[in-house]
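What follows is the residue order along each chain.
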Amino acid sequence: MKKTLFPVLAAALLFAACGNQPAEQTETAAETATPEAVSGDIAYVQVDAVLTQCDLYKTEGVALQAKTEKAQKGWAQKEQSLQAEAAQLQEKYEKGLITSRDAQAQQESIQKKVAAYQSNAQKEAQTLDEENFVFTNRAQDLLQRAVREINADKKYRMIVNASALIDADTTLNITSIVLAKVNELYASDQKAAKK
């Protein structure tokens, strides 16, 4: 089961391992990036910023993350409910309020509920995992296509993920250009899907 969508998304992306930059710092850096980077051999992209600011994430990613969190809360509540039911049964039995036969029947009923819950939770988790996987692949595809289009003229010999950088000139930052291209490609994909 996924705790959150974003770490999975960031980990699966095209470029080097993701950094531990705070989201606020990443977003601010992307907003202040120069719109036109200097042409050169190397450029860098703040992948985390592109992913958290792109239209795909804002529309579909946030909804998927909310769906995942809602499912996790539902699972936790169901587990607590079943544990409370089992504890009540144990308490009633220990106080002699029910016969051992009734306690055994109720215990079997609780075990069936637990088995049904676990089966349903597992199916729901598999569905969410698959949805997260598809979403991550879509984001990765958009990012790769954006970078390919931006570098179609081979202006850059290397484009790297900024999370691996220690220091770099901000004129090499093409994050805002990549973000704009990702949003453009996403809008184009959405328009094509509606036809």
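A short tour of the structure in this document, coming up. Predicted model only: the values in this text are computed from it and were never measured.

A look at the overall build of the chain
In step 1: Summing up its helical and strand segments, the chain has 6 helices and 2 strands in all.
In step 2: For the chain, the α and β elements follow one another from N to C terminus as α-α-β-α-α-α-β-α.
In step 3: Split into buried and exposed, the 195 residues of the chain put 32% on the buried side.
In step 4: For the chain, the share of sequence-separated contacts (at least 6 apart) that also reach a separation of at least 24 residues comes to 87%.
In step 5: Accessible area for the chain stands at about 12,100 Å²; split by element, carbon and sulfur atoms hold 51% of it.

A few points about unusual backbone geometry
In step 1: You will see that Lys 154, though not glycine, has its phi angle at about 60°, which is positive.
In step 2: Mapped onto the elements, Lys 154 comes out in the loop between helix 5 (100-150) and strand 2 (158-161).
In step 3: Look at Lys 154 and you get exposed, because its relative accessible area is 66%.

As for the pairing of strand 2
In step 1: Alternating residues of strand 2 divide into Ile 159 and Asn 161, all buried, and Met 158 and Val 160, none buried.
In step 2: Bridge count for strand 1 (residues 42-45) against strand 2 is 4 bridges, and the pairing is parallel. Looking at the pairing, Val 45 lines up with Asn 161 of strand 2.

Overview of helix 6 (residues 175-194)
In step 1: Along its 20 residues, helix 6 runs 29 Å from first to last C-alpha, staying within 8% of the 28 Å computed at 1.5 Å per residue.
In step 2: Within helix 6, the full set of buried residues consists of Thr 175, Val 178, Leu 179, Lys 181, Val 182, Asn 183, Leu 185 and Tyr 186.

Let's talk about the pattern of salt bridges
In step 1: Taken as a whole and assessed by the stated rule, the structure comprises 8 salt bridges.
In step 2: With a shortest N-O distance of 3.0 Å, Glu 131 and Lys 67 are connected by a salt bridge. Separated by 64 residues along the polypeptide, Glu 131 in helix 5 and Lys 67 in helix 4 (residues 55-94) bring together distant segments of the chain.
In step 3: With a relative accessible area of 26%, Glu 131 lands in the partly exposed category.
In step 4: Look at Lys 67 and you get partly exposed, because its relative accessible area is 42%.
In step 5: A salt bridge links Lys 181 to Glu 149; the nearest nitrogen and oxygen atoms lie 3.2 Å apart. On the criterion of sequence distance, the pair formed by Lys 181 in helix 6 and Glu 149 in helix 5 is long-range, its members being 32 residues apart.
In step 6: What makes Lys 181 buried here is its relative accessible area of 17%.
In step 7: Through salt bridges with shared partners, one network takes in Asp 141, Arg 145 and Asp 189.

As for the nonpolar core
In step 1: Within the largest apolar cluster, 31 residues are counted, with the highest numbers of intra-cluster contacts made by Val 178 and Val 182.
In step 2: For this core, the secondary structure elements donating two or more residues are strand 1, helix 3 (47-53), helix 4, helix 5 and helix 6.
In step 3: Top element by residues in this core is helix 5. It accounts for 11 residues.
In step 4: With residues near it in sequence (within four places) discarded, Val 178 still touches Val 45, Val 50, Leu 143, Ala 146, Val 147 and Ile 150.

With respect to the side chain of Asn 161
In step 1: In this fold, Asn 161 is placed in strand 2.
In step 2: Note on Asn 161: relative accessible area 3%, which makes it buried.
In step 3: At 3.0 Å, the side chain of Asn 161 and the backbone nitrogen of Ser 163 are in polar contact.

Reading the values: the criteria
- Residues numbered from 1 in each chain as written.
- Predicted model: local features only at pLDDT ≥ 70, side-chain atom pairs only at ≥ 80, totals over all residues.
- Heavy atoms only, no water.
- Helix = DSSP H or I, 4+ residues; strand = E, 2+ residues; numbered from the N terminus.
- Buried < 20%, exposed > 50% of the residue type's maximum accessible area, 1.4 Å probe, protein only.
- Contact = heavy atoms within 4.5 Å.
- Areas by Shrake-Rupley, 256 points an atom, 1.4 Å probe, with all protein chains shown as cover.
- Pairing = 2+ DSSP bridges.
- Expected span 1.5 Å × (residues − 1).
- Salt bridge = Lys/Arg side-chain N within 4 Å of Asp/Glu carboxyl O.
- Core = buried A, V, L, I, M, F, W, Y, C linked by side-chain atoms within 4.5 Å.
- Polar contact = N/O pair within 3.5 Å; in protein donor to acceptor, adjacent residues only side chain to side chain.

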